[in-house]
Amino acid sequence: MPAPPSPPTVVTAAARRPARRAALAPLGPGTLLWRHAADLRSLLPGAAAGLMQLMHPGVGAGVTEHSAFFDAPFDRIHRSVPQIWATILAPDGAARARTIRDLHRVIGGVDEHARRYHALEPETFWWAHATFTWEIFKAAETFHPGTLTAEDHEQMYAETVTWYSRYGVSMRPVPADYAAFQSKFWHVCTRTLELTPAAARALEIAKHGSGTVTLLPVGGPRIDRAGRLVIERPLRLITFGCLPQVVRDRFDIPWSPLDQAQFSALALANRQGYRMMPTGLNHWALRSMLRYIGAQTRQNRYRPAA
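Anyway, here's the lowdown on the structure attached to this text. (Residues numbered from 1 in each chain as written. Predicted model: local features only at pLDDT ≥ 70, side-chain atom pairs only at ≥ 80, totals over all residues. Heavy atoms only, no water.)

The next subject is empty space enclosed by the protein. Here the structure, examined in full by the defined rule, presents 2 cavities of 30 Å³ or more. A volume near 50 Å³ is recorded for the largest cavity. Those elements giving two or more residues to the lining of the largest cavity turn out to be helix 7 (122-143) and helix 8 (150-165). With 4 residues, the single largest contributor to the lining of the largest cavity is helix 8. Each residue belonging to the lining of the largest cavity can be placed in one class, and the counts come to 7 nonpolar, 3 polar and no charged. (1 Å grid on protein atoms, 1.4 Å probe; cavity = no way out; pocket = protein on both sides within 12 Å on 5 of 7 lines; lining within 4 Å. Points joined across faces, edges and corners; volume = space filled by probe spheres on them. Helix = DSSP H or I, 4+ residues; strand = E, 2+ residues; numbered from the N terminus. Nonpolar A, V, L, I, M, F, W, Y, C, P; charged D, E, K, R; others polar.)

So, about the side chain of Thr160. Note that Thr160 resides in helix 8. Residues within four places of Thr160 in sequence aside, it is in contact with Leu33, His129, Thr133 and Phe137. (Contact = heavy atoms within 4.5 Å.)

This next bit is on helix 10 (residues 197-208). For helix 10, spanning 12 residues, the distance from its first C-alpha to its last is 16 Å, which sits close to the expected 16 Å at 1.5 Å a residue. Considered for burial, the residues of helix 10 that qualify are Ala198, Ala199, Arg201, Ala202, Leu203, Ile205 and Ala206. (Expected span 1.5 Å × (residues − 1). Buried < 20%, exposed > 50% of the residue type's maximum accessible area, 1.4 Å probe, protein only.)

These figures come from the coordinates and say nothing about function on their own.
Pasting the structure below:
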């Protein structure tokens, strides 16, 4: 197995448990995080983010023991994403965030290696949020035609800290700035993530597909089968292409030069294609999609999103 690449910055104790508090910044319409989260492209790295969540021992155990993941692996995504994006975009985002937090109070236990876990353990809860933070930055860097400046990175990261503060949980694990966030994220990817049963199942589906699970939340079996034929290959490319190289290397996720070329072409097509979509239409499409998926899964809305 190839050796993992060097981290972007040196991992220190301060990066894992910051000595200074992370700065917060106002979050609302017009801010960098709000604009990027309200963009359809913010969802494109979502499958990669979800896979890295499942690779965390605490998150993977919670999903395995407290959800119907193995029967309906995509149900968790359909239920969770509209709720979590609402914590940024909805006027009552802070209240929604605390509702999500409270749903996780009962998620805990002992995993298959006899390790105790709880969804609200600070480092575990932070990692779930960190993957969403990573997702929005990854979308901006990969699928947007412009580039974020160093100042933009710091500004949007401070807005993600405000976003996290809305949950009303411990801020102790939160890195102080964007460089510390990158360092800690790399550290978790190289030292903490593992192939949990839930992650192994998700990887199997991503690699080989599955005719036994529902991919789309609406439309019935025929629409789901048709959608599967159209989107499975691009979804696999986007999922594995967005993953950090160190994660692909550690877990032997297949990725060839041809895959990289196709992923780069797909990313370029997204960057060019979205130039022709008015910003207002883009934001409206994402909000409408999230509301529709949320309505279709309303009967499950009070189940934990772990």
